[in-house]
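As a plain string of letters, each chain reads:
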Amino acid sequence: MTAAEVAWTLYREGPGRHAEATELARGIVEDGAAAADDVARAGTLLFAAGDYDEAVTACRRAVAEGAAPPLLAYLDTACALRAGDGRAARVALARHLAATPDPLQVDMPWLAAMAGAPVLALRTARRAGLSWPRAASYAAYGAWHRSPQRACKAVCAR
């Protein structure tokens, strides 16, 4: 189990462990020897915890060091949405998903829909093996969330 997995386990245990989890995630991001994938996982945890500036720092480092595309799809897209740049979020998500091998995780269509990318949501849903009606529902949801303000409110809701 990596340090990032330990941090996520602590985070999932509940509010009493969030401080410990975020402190561990900060340590991973600051550690120059940490693997890029662990930095991306730690950055995603920091974003989930509301430490957006530190999540952006983790995102930059993870992108520069070549973390796995599925991990970057979450972190890079969320950071761009938080900045209010829906176009950058959609571009980043499309780039990372293009580099991700099939089959995709079933929550990737939701991420594309939240970023306001209806066509990407449709394609991602089909790559994840979802049915046409379910894929179409993600595409419709993506069309609704085309506005960066709407997408950021949904992703950044606390």
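On a predicted model such as this, the values are computed, not experimentally measured, just so you know.

**Q** For this particular structure, what's the right way to read the pattern of salt bridges?
**A** For side chains bearing opposite charge, pairing can occur when the charged atoms are close. Evaluated as defined, the whole model comprises nine salt bridges. Two residues, E23 and R26, come together in a salt bridge whose shortest N-O distance is 3.4 Å. Of this pair, E23 and R26 both sit in helix α2 (residues 18-30), three residues apart, roughly one helical turn. Overall, R26 belongs to the buried group, its relative accessible area being 19%. Here D76 and R95 are joined by a salt bridge, their closest N and O atoms 3.3 Å apart. Of this pair, D76 sits in helix α5 (residues 69-82) while R95 is found in helix α6 (residues 86-98), placing the two residues 19 residues apart along the sequence.

**Q** What is the right way to look at the environment of L93 in this model?
**A** Relative to the elements of secondary structure, L93 occurs in helix α6. Here L93 is in contact with A73, T77, L111, A112, A115 and L120, once residues within four sequence places are set aside.

**Q** Can you walk me through the packing of α5 against α6 in this structure?
**A** Between two packed helices, both the angle of their axes relative to each other and the distance between the axes serve to describe the pair. Put simply, α5 and α6 touch, their axes get as near as 8 Å, and they point 175° apart. When the axis of α5 is compared with that of α6, the two are roughly antiparallel. Contacts between α5 and α6 involve P69, L72, A73, D76, T77, A80 and L81 from the first element and G86, A88, A89, A92, L93, R95, H96 and L97 from the second. Among the residues forming the contact of α5 with α6, the class breakdown is 10 nonpolar, three polar and two charged.

What counts and how
- Residues numbered from 1 in each chain as written.
- Predicted model: local features only at pLDDT ≥ 70, side-chain atom pairs only at ≥ 80, totals over all residues.
- Heavy atoms only, no water.
- Salt bridge = Lys/Arg side-chain N within 4 Å of Asp/Glu carboxyl O.
- Helix = DSSP H or I, 4+ residues; strand = E, 2+ residues; numbered from the N terminus.
- Buried < 20%, exposed > 50% of the residue type's maximum accessible area, 1.4 Å probe, protein only.
- Contact = heavy atoms within 4.5 Å.
- Axes fitted to C-alpha atoms, helices over the stretch in contact; angles between N-to-C directions.
- Parallel < 35°, antiparallel > 145°, perpendicular 65-115°, else oblique.
- Nonpolar A, V, L, I, M, F, W, Y, C, P; charged D, E, K, R; others polar.

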